[in-house]
Structures are given as structure tokens and as C-alpha cells.
Amino acid sequence: MLAPTFHMLPLTVIRRERKLPYPGKILVRKGQKVGANDAVVEAKLSPKHLMLDIAVGLAVSRTQSERFIRVKPGDRLAKGDLIAGPAGMGKRVMRAPLNCQVILAGSDQVLLELTDNLIQVKAGMSGEVVELISDCGVVIETSGALIQGNWGNGRVDFGVMTVLAKEAGGSLLPDQLDLSMRGAVILGAHCDNEETLNLAQELPVRGLILASMLISLRSVAEKMDYPILLIEGFGSQGMSRPAFKLLANSGRREVSVNAQGWNAFKGVRPEIVIPLPGEGVVAPPRLVERYSVNQQVRSVRAPHTGEIGRLIRLCGTVSFPSGIRTQAAEIQYENGEKAVLPLENLEVFI
Amino acid sequence: MTTGLIDTDSLLLLDVGSISTRALLFDQVRDRYRLLAAGSSRSTAGAPFNNVLEGIFSALEGIQKVTGRTVLGKDQNLIKPSTEFGTGVDTCAATISAGPPLNACIVGLLDDVSLNSARKLASTTFCNVVQTISLNDRQRPEAHIDSFLQAHPDLVIVAGGTDGGASQSVMKLLESVGLACYLMPENQRPVMLFAGNQELKEEVETSLSSLLELHFTENIRPLLDFQQNNAAQSKLAQIYTQIRSRQLSGVMELNSWVNGGLIPSPTGLGRVVRFLSRANESHKGVLGIDVGSAAVTIASAMEGELSLGVYPQFGMGESTGNILEYGNISELKSWLLHDFSEDQLREYLYTKSIHPGSLPVTEAEIDIEHALARFVMRKAVGSLLDIMPEGVGYQGDALLPWMEPLIASGSVLTKAPTLAHCALMLLDGIQPTGVTPFLLDTHHLVPGLGAAAAVNSLLAIQILDSNSLVHLGTVISPVGSARPGTPILRIKVTYENGQETNFDIKYGTIEVLPIPHGKSVRLHLQPLHNFDIGMGAPGRGGTLRQVAGGALGVIIDARGRPFQPPSDLRRRQENYRKWLWTFGVH
């Protein structure tokens, strides 16, 4: 059976595509070193348009209006520049209401693009641009630690990590945050307090990595300007030991927090990258696996949510307390406990 | 039926779903069509494979392993037709529902007329309507352009103008669409289906054909008070497949395996439901529901008139994270048999949305899953009632007209712990009325048969006739309300050996008449207290001459219509325990 994978690696090659859904302008060149927060590609985001009715504006007939148009497609206009006219006894004219660009001009209408709102795709991790994807994106590569998570609030940033979590569980309290953490990425365990999120915004921090958070805080977290990434997900579970160990040992290192939303179809999930010298590491981790004995696996839902164990037996079809019969595997956890879980609930931990 | 009636022998059905890819191999065994083997795999339309064929190969491997029959050549192509060495298959049909729903922009003149028709058309396939443009919205053309560019639709459906009616207003709206398309990169422009005033075809072609890919179909609103969308539905299904071929790798190859006959799964379900309704002698409707991960698809047909609704927002997979936008959390809680906090429920729904293929392990988790299934089925039935033609059968109180039969599929139903759990979910979610045989499509083969019917309808009929669907039982649901404990239905059962038994069914109960599998009985039904069982009028009874038992027997749902579960958790637990016990589940 094909198995989804989940990455938590102390040292690997990380290669990520960063692209727009449509053509834009690539802002970097192949071989260039980039930081997590650097924009690598940009495009105009849903610009505002204005349609001018020349016949109405100049009070001339529709058949005559075209000869009064003084602009052509592509012209960049400053506020007040002449668009059409003068016409008639009153020398009526039409002028650009704002700085804009002419998109279409003809017949009795002129279409203006008023704003240059840019959408920028950030690198999401520091590394090197190894490939340019036509005119819509790039591939960035780095070596380092990679820890994938289960939820992100859509923000991206990087900074030096301050470890506030003393253990894999426990709540991050507002009074644990102080001014010395301004500009840092904070590692906590669990958040059950809205004030903690607000205080982190005020400092501001450049990222918050948690094991879990109460789901009632989701809408608040989504409004924060800094990235919030949950390794395990919503609820109150602590961080898995491997994730905690890897992160807690990375205090004072620079980390990139890409709290992008999970999209299983596109294969993107929130992730943390800790750039490290990667001599001898040559290939990115495998994305495709088939279940087999001795793999490290992680359960994506109850029971044993987020726990990582070793697959010790493929059990064939098994009936579960829910009444569901499906292919299952027996997993042994570090504390010796064993559990039989559906294969559908397991990610292979690489 | 004998072998001579059909040209081809073996049939391979492939279904590429959002979670699973299934392969089903049928062949003739002693003059009857039989399911020889079923294979399934995770679907691979998305990352990391990004090619639907990987999942198909994996599902076919399962079939090859079970049957020892090679269906794939060394070049990874389907061997078709079958060879004298026993390899390959004679016919292949395929359906698809993988990938995110298409983003659609609908354009019409008036909200409650042409736009409404366009919305109904969009709901017949996997679409999310991301923008509407109409005269009613009173927006300036540039606002239409801006929102169009922001919505970035894959598809534009245009309705409006009765035949020979409005033309200038339609063209004015299309001018904005045309301008917006002009501003988009060429390879990102949507496909347009024009289903409006037929007199505008030439003008639309002239002004828009250089900007985007145009398709024309019949006017879905040729008159103000008349709608038609059969041809438009077929056209839209073709367009869906065409867009998917561009978006998802491997779909083009799959389509070539089936000689261009790949269709969206809902189209396949709709075809079978329509076909059965035409063949239905009872003049009742036929209902099909697929409670899938990507969407809930519901199809009903009355004498060949199909109403089809595809609701991605009610899907049991990724959509669950946002499902509470379509209903109150208390609605969901009203079906639960465990005491969950709202936060626990929200956490569950979020986890389900990011791991849509994961399965409930504990009793408490499957309770949420089943509550969710009831919740989405109720929503889908409500949405179907909105698009069904008016004045068909029993209406009102959010109840469906009389249906015979109901065909149900979807993992939450087919993987239920017992058939009784499945039947209870359907009774609660669908609220059938009158007499309704329940058929369960455990292998999700009905949509595929709809696709196969285009190649060989006899073959599809043979398979439908071959007990490939599980007959859960015949359900009798009297419509009305009374005090609990009041007798509302008198039943006389006459067995094959002539023995007779009488039952009085009380309001508020579920009763099951166990009839051995393969046996049938005659039922005389007499509703009391003006209850209606669909035999012509409230209080009118009649005889059902040959009622097959099915897997569960004859089920009488005397809980009244509309049915609401008890609001008190303890009472709800007791009632469901009792009802499951009635089915023999202890």
C-alpha cells in the first residue's frame, strides 16, 4: 500500500518549489543565495481597474469619441495626465484620476489599471536558487534539519530560536515572553491563552513554534502577523520526543518558519528548516514509500495522535473498536507499548 | 440473460476518486455477470505522484494478483480487447472525481431566473461557484473585471436571455468577461459554456472566440417559466473531463483507454438513476446518493427527469474543516451518542480535513463520523429539493417525494460496522417516505456502470441485475405524526408457504420483519390515523405482492416524518441502542 510520508530529519537536502499560480517576475537569479524572508517572484495581485466612457465623459457621440482619445495601450499615466479631449465648446477633457496604466483604448472606452498591488512569494527558507521555473517561480535548495508540522497560519519568517519549552508538554504563558525575545522565533509546547499570542505580536516575535494549541484560538492565530506553526495540531497534546529533541537542541540557531497552510493535493505542509552545513548529504528525502516492517511511523489521529513508533508487523485486515475493518499494522512505541492501527492513519516518518 | 445478447465479455471499471482509486473486473460466469475481483489504491492525482495512473496501476496490480489475469501490457497500457491467452479486457469504462473542485463563474441576467438556472447547471458537477455576474448585482464593469481576475475561474457558465429575448444585456455582461480574459495570461484563461439565448451564438462566437475556448449548448432557460439542462449537463461533463485532462497528469491517457468515454462520477450515477427511473413501473422516483470524501452527490429522477446535485462543500474529507459554515454545530451534536465538547468536535473536523483518508478507530470517533454523515445527507437532500422540479410526489417539511429504490454509496456507509448502522444512517439522513427498497453499492460500481452504459447498455443492465448491489431491505416509512405508542400501521404478512402474520406498528419505533434472504413475502399495508405510505392518499393502504427480504429484512421506520432525534443525550443513546437491537445488533 502506498504510504504518505512525514519528515523530521536532523540533516537532509531540502528542495522546495516556490511559485505563483500564474506568470510573474522572477526577482532572483540561478545560484543566488536567499534568506527565508526574501521575495523570489512577484506578480500583480488583482489590480483595480477603471473603465472610462469617453463619449459620456466628453459629451460627444459614440461615433466621434475615438478621435478624442489621446492615450494608447501600455501608456503609464500620472495623476492628472490627459486621457481624452479637449472636445466641444467647453473644451472638455478627461484626466487620469490616479497614477495608472492604460490597458485598452479604443472605440468609446478606455480601460485603466489603477494599482500595482504586488503579490510576492517568499523563499520560505534560506538557501540557494537552483532552478528557475519559466516565469512563475524558482526552486530553492538548502541543507539542514527539516521538521514538518500539521497546521500553520499562513505566514513565513525566520529568526534566531529561543527555547522556552522546558519539556515536550506544558503551556506557554504570557509572562514567559519579554523584550529580549523581540525578533526571535519562540519554541513553546502548548498554547491555551489568547494573551500569549497577542503579546508575541506586540513584541514582536518572528515566529512561534508549538506542539499544539486550543482550537478556540485558531481565528486569533490566523490574524497574527508572525508565523505560528503547530507540530502536532489542535488540542492539548505535547510534542513528540524526536521533534522536541531536534528543536530544543537548536536554540540560538537561525530557523525558518514556513507556516504555510496544509494542502495535501499540492503536497505542501507547514515546516521548519534549520540551515546547517550539509557536507556529504546528497539527496532530498523520499516522498513515496510503501509500508514495511521496521519503518518509523506516526499516527495522524487518535489513538496515539502524533506519537512516533516502529512498525513491527503488517497485520492484514483487522476489526477495530469502531467496527471498521481495514488493513492494519502493529506499532511499538519507545515505552514498549504496542498498538494496532489502520494503515490509513499512519504516515511513514523519514 | 444469455451470452449471445452481448457483444463483449469482460468489463473493467476504473474509478479515480479523491481518496481511493478503484478497479473492478467483471466477467461472465455461467451466463451471468459476476464481479471477479476488486482492487483499490490510494489516489495519486496529487502530490507526490501527480499522476492518476500510478493509483490505477496499483489498483490493477491487486486485480492481477487475485485473478492471475494480466490486464496491463509491458508498455503499461491496458490490453484491450482480451486475447486468446486470457489476458486483457474487452471493455473498459472509467469515472473520475479526483482533484479540487473547478472554480466556476456564473453569468446570467436575473438572479432568480437565468442565474438560478446557471447555478443549478454548475451544481451538476464538481464546481465551486466563486463569482456571479448579473444585472442584479449593479456593479460597474470594472468591478466585474476585478472580481473575475481575483476569482481566477476555470470555467464560465453563461445563461440568460430567453430564446429570441434579451441580447444586448447579455452581450454587455460578456464584454466584462471578455475584457477580464484578455487581461489574463493565455494559458490561464477559463473555458466558457454558453447556455443562453441561442440567437446570440454567432455574436458571442465573433466577440469571444479569440479570447477563450467556447462551447455552446441549448438554452437552459429558453422561456421564463421553463428550464432544461439535459444537453447542457452532458456538455458540462465533457468540459469537466477536458479541464481535468489538462490539470491532472494521466487523465488524458486514461481517457484514451476508454475511447474518450471518461466521465465525472456524478454523471455516471445520474445516468443509472435516470435509466432506472425510466424503467420504473411504479411511477415513483429513483434516488442515488454518494456520500464521498470530495463531495456528496445526490441524484433523483422521476420518469426520466433527472435532478443532479454535486456538493463539494458537504464532502466527508477536506471540506469537513469548513462544514460548520453550512450548519450549526448543534445540528451536528444532535446526532451524537457521546458527549463531546464543541472544541473536541472542531478539532476532530479539522484533523479529518487534513487527513481525509484516515479512519476512526474508537467508538467515540465513529460516532462523530456517523453524525457527520447524517448531517451532510440532510444538507444534500435539502439542496436537492431546491433543484427538483416542483410538484413531484410528496413535498413539504424538507421531505423527498416517494422513491423506489434508493441506491447509496460512500465509504462512511459501506465501511459502517454493520449493515444496520448503515441503514440507520440512511433513514436519518435521507428520511425516505413511503416504500423504498435500499440498495448499497459497496464497491462504488454504479457510476462506472453509467460510464459503461454508453458503450454497452445491456452489459450495464446485466451487472445491475446480478446482485452486485447489496439489497439492505425494503423500508416502509409512514408520513405523519402521532403520540408515541399510537398504532399507525397495520401489516399483514403472507409468507410463501401461505402462513399469515399480523403486526400493528406503533409510532416512534423502528420494527424489522425478518424475511430470510432470497425469500419474498406479500405485504398488505393499512396506514392508520391518516398516515401516508404513498399509496395514493393519506390513510390509503394496499398490497405489495413480492417483497424480497434483503440483508436486514423489511424495515418499518415508524418514527414519523419529519424525524428529529431526541434532544436529550441519554434518551438518544437509549433509543439508538434499542433501534440497533431491533436490527439484531447487540
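Note that residues are indexed from 1 along each chain, following the sequence as it is written. Going through the entries in the order they are written, you letter the chains from A and number the ligands from 1. Where totals are concerned, whole chains, interfaces and linings use all residues; where local detail is concerned, this predicted model gives features only for residues with pLDDT of at least 70, and gives and counts side-chain atom pairs only at 80 or more.

## Things to note about the overall build of chain A
Item 1. Secondary structure elements are defined from DSSP: runs of H or I of at least 4 residues count as helices, runs of E of at least 2 residues count as strands, and each element is numbered from the N terminus. Tallying secondary structure elements over chain A gives 5 helices and 29 strands in all.
Item 2. Radius of gyration (C-alpha) of chain A: 27 Å, far over the 20 Å computed for a compact globule of 350 residues.
Item 3. Oriented by its inertia axes, the alpha-carbon framework of chain A measures out at about 95 × 50 × 45 Å.
Item 4. In chain A, which comprises 350 residues, the proportion classed as buried is 45%.
Item 5. By the criterion used throughout, residues are in contact when their C-beta atoms, derived from the backbone, lie within 7 Å. The contacts in chain A between residues at least 6 apart in sequence include a share of 61% that link residues at least 24 apart. With C-alpha atoms as the basis for the radius of gyration, the globule rule is written as 2.2 Å multiplied by the number of residues raised to the power 0.38. Once C-beta atoms are placed from the backbone, each residue is buried if 20 or more other C-beta atoms lie within 10 Å of its own, exposed if 12 or fewer, and partly exposed for counts between those two.

## Structural notes on the overall build of chain B
Item 1. The secondary structure content of chain B amounts to 16 helices and 22 strands.
Item 2. On C-alpha atoms alone, chain B measures out to a radius of gyration of 25 Å, which is about the 25 Å that the 2.2 N^0.38 rule sets for 586 residues.
Item 3. Residue pairs at least 24 apart in sequence account for 71% of intrachain contacts in chain B once pairs closer than 6 positions are excluded.

## Some words on the domain arrangement of chain B
By a widely used convention, the size of an interface equals the accessible area lost when the partners come together.
Item 1. Domain delimitation follows an automatic or database domain assignment. Domain boundaries assigned for chain B yield domain 1 (3-96), domain 2 (102-247) and domain 3 (266-582).
Item 2. Once you take the C-alpha centre of each, domain 1 of chain B and domain 2 of chain B turn out to be 37 Å apart.

## Remarks on the interface of chain B and chain A
Item 1. At the interface, 37 residues of chain B touch 38 residues of chain A.
Item 2. Of all elements in the fold, only β3 (32-42), α3 (141-151), α4 (168-183), α10 (342-354) and α11 (363-387) of chain B reach the threshold of two or more residues within the side of chain B that touches chain A.
Item 3. In the side of chain B that touches chain A, the residues fall into 16 nonpolar, 11 polar and 10 charged. Each residue gets one of three labels, nonpolar for Ala, Val, Leu, Ile, Met, Phe, Trp, Tyr, Cys and Pro, charged for Asp, Glu, Lys and Arg, and polar for the others, Gly among them.

## Side note on the domain arrangement of chain A
Item 1. Once the domains are mapped, chain A shows domain 1 (2-14 + 141-275), domain 2 (49-113) and domain 3 (291-349).
Item 2. The centre of domain 2 of chain A, based on its C-alpha atoms, is set 68 Å off from the matching centre of domain 3 of chain A.

## Regarding the nonpolar core
Item 1. Residues A:Val110, A:Ile209, B:Ile157 and B:Ala423 are the most contacted members of the largest nonpolar core, which totals 276 residues.
Item 2. The biggest single contributor to this core is α11(B), with 12 residues.
Item 3. Discounting residues that sit within four places of it in the chain, B:Ala423 has contacts with B:Phe438, B:Leu472, B:Gly473, B:Leu552, B:Ile555 and B:Phe583. Connectivity within a nonpolar core runs through C-beta atoms within 7 Å, and the core itself is a set of buried Ala, Val, Leu, Ile, Met, Phe, Trp, Tyr and Cys residues.

## Side note on the environment of B:His471
Residue and element names in this part refer to chain B.
Item 1. In this fold, histidine 471 is placed in strand β16 (residues 470-477).
Item 2. On the neighbour-count criterion, histidine 471 (17 C-beta atoms within 10 Å) is partly exposed.
Item 3. If near-sequence neighbours (up to four positions away) are discounted, histidine 471 is found in contact with Pro437, Leu439, Ala548, Gly550 and Ala551.

## Digging into the sheet that holds strand β25 (residues 296-299) of chain A
Where strands meet in a sheet, backbone hydrogen bonds hold them as pairs that are either parallel or antiparallel.
Residue and element names in this part refer to chain A.
Item 1. In short, DSSP must find at least two bridges between two strands for them to pair. A sheet is described by the order of its strands in space; here 6 strands give the open sequence β2-β29-β25-β26-β27-β28, paired in mixed fashion. Both edges of this open sheet fall to β2 (5-6) and β28 (338-342), since each of them pairs with a single strand only.
Item 2. Relative to β28, strand β27 (residues 325-333) runs antiparallel, the two being bridged by 5 bridges. Its bridge partner lying in β28, glutamate 330 is registered against valine 340.

## Some words on helix α8 (residues 265-279) of chain B
Item 1. By this rule the span expected of a helix is its residue count minus one, scaled by 1.5 Å. In this model α8(B) runs 22 Å from its N-terminal to its C-terminal C-alpha over 15 residues, within 8% of the 21 Å that 1.5 Å per residue would give.
Item 2. Of all the 15 residues making up α8(B), 13 are buried; the element is thus mostly covered by neighbouring parts of the structure.

## Brief notes about the sheet that holds strand β9 (residues 213-216) of chain B
Residue and element names in this part refer to chain B.
Item 1. Strands sit in the order β6-β5-β7-β8-β9 across an open sheet of 5 strands; the sheet is parallel. The sheet terminates laterally at β6 (127-133) and β9, the two strands that pair on one side only. Between one strand axis and the next, the sheet turns by 25° as a mean value, whatever way the strands run.
Item 2. Note that strand β5 (residues 102-107) and strand β7 (residues 155-158) share 4 bridges and pair parallel. Counterpart to valine 107 in the pairing with β7 is valine 158.
Item 3. Every axis corresponds to a line fitted to the C-alpha atoms, with the helix fit spanning only the stretch in contact, and the corresponding angles, defined between N-to-C directions, vary from 0 to 180 degrees. Sheet strands in contact with α3 are β5 and β6, and its direction is about 165° off that of β6.

## Description of the pairing of strand β18 (residues 184-187) of chain A
Residue and element names in this part refer to chain A.
Item 1. Taking every second residue as pointing to the same face, both faces of β18 are buried, with Ala184 and Ile186 on one and Val185 and Leu187 on the other.
Item 2. Where strand β17 (residues 156-163) meets β18, 4 bridges bridge the pair, whose relative direction is parallel. Note that in β18 the partner of valine 163 across the bridge is leucine 187.
Item 3. As judged from the 3 bridges shared by β18 and strand β20 (residues 207-213), these two strands associate in the parallel manner.

## Observations regarding the confidence of the model for chain B
All names here are of chain B.
Item 1. Each residue carries a pLDDT score, the predictor's confidence in it, ranging from 0 to 100. Averaged over every residue, the pLDDT of chain B is 92; residues scoring 70 or more account for 98%.
Item 2. Here residues 1-6 is modelled with pLDDT under 50, and outside its nearest four sequence neighbours on either side it reaches 9 contacts, counting other chains as well.
Item 3. Interface confidence in the predicted complex, given as ipTM, is 0.88; pTM for the same model is 0.92.

## Some points on unusual backbone geometry
Residue and element names in this part refer to chain A.
Item 1. In this model, leucine 203 is joined to proline 204 through a cis peptide bond whose omega is -10°.
Item 2. Within the fold, proline 204 resides in the loop between α3 (194-202) and β20.
Item 3. We note that arginine 252 has phi near 70°; this positive angle belongs to a residue other than glycine.
Item 4. Along the polypeptide, arginine 252 turns up in the loop between α5 (241-248) and β22 (254-258).
Item 5. At histidine 304, a residue that is not glycine, the phi angle is positive and equals roughly 65°.
Item 6. By secondary structure assignment, the location of histidine 304 is in the loop between β25 and β26 (308-319).
Item 7. Overall, histidine 304 belongs to the partly exposed group, with 19 C-beta atoms counted inside 10 Å.

## Regarding the pairing of strand β11 (residues 100-106) of chain A
All names here are of chain A.
Item 1. Pairing analysis gives 2 bridges linking strand β8 (residues 76-77) to β11, with the strands arranged antiparallel. Bridging from a neighbouring strand, arginine 76 pairs with glutamine 101 of β11.
Item 2. Looking at chain direction, β11 and strand β12 (residues 109-113) are connected through 5 bridges and run antiparallel. Opposite leucine 104, over in β12, you have leucine 111 as the bridge partner.
Item 3. Following β11, the chain reverses through 2 residues before pairing antiparallel with β12; serine 107 in that reversal takes a positive phi of roughly 50°.

## Some details on helix α16 (residues 569-582) of chain B
Item 1. Between its first and last C-alpha atoms α16(B) spans 20 Å; for 14 residues at 1.5 Å apiece the expected length is 20 Å, and the two agree.
Item 2. Looking at the residues trailing α16(B), positive phi occurs at B:Gly584, about 95°.

## Some remarks on the packing of helix α14 (residues 446-453) of chain B against helix α15 (residues 457-464) of chain B
Packed helices, taken two at a time, are described by the angle between their axes plus the distance between the axes.
Residue and element names in this part refer to chain B.
Item 1. It is at 7 Å that the axes of α14 and α15 come closest, and there the two elements cross at 155°. It follows that α14 is roughly antiparallel to α15 by the angle criterion. Taken as a pair, α14 and α15 cross one another with a handedness that is left-handed. Of the residues in α15, those in contact with Leu449, Ala452 and Ala453 of α14 are Ser457, Leu459, Ala460, Ile463 and Leu464.
Item 2. By residue class, the composition of the contact of α14 with α15 is 7 nonpolar, 1 polar and no charged. An angle below 35 degrees is read as roughly parallel, one above 145 as roughly antiparallel, one from 65 to 115 as roughly perpendicular, and any other as oblique. Should the near helix be turned counterclockwise from the far one by less than a right angle, the crossing is left-handed, whereas a clockwise turn marks it as right-handed.

## What to know about the packing of α3(B) against α4(B)
Residues and elements named next belong to chain B.
Item 1. Where α3 contacts α4, the two axes come as close as 9 Å, and the packing angle between them is 45°. Between α3 and α4, the angle is such that the two are oblique. Crossing geometry of α3 relative to α4 is assigned as right-handed. Contacts between α3 and α4 pair Pro141, His144, Ile145, Phe148 and Leu149 from the former with Glu175, Ser176, Val177, Leu179, Ala180 and Leu183 from the latter.
Item 2. By residue class, the composition of the contact of α3 with α4 is 8 nonpolar, 2 polar and 1 charged.

## Considerations on the environment of B:Lys172
Residue and element names in this part refer to chain B.
Item 1. Along the chain, lysine 172 falls in helix α4.
Item 2. Residue classification places lysine 172 among the partly exposed positions, given that 13 C-beta atoms sit within 10 Å.
Item 3. Each C-alpha atom of the pair lysine 172 and arginine 244 lies 30 Å from the other, and the pair is 72 residues apart in sequence.

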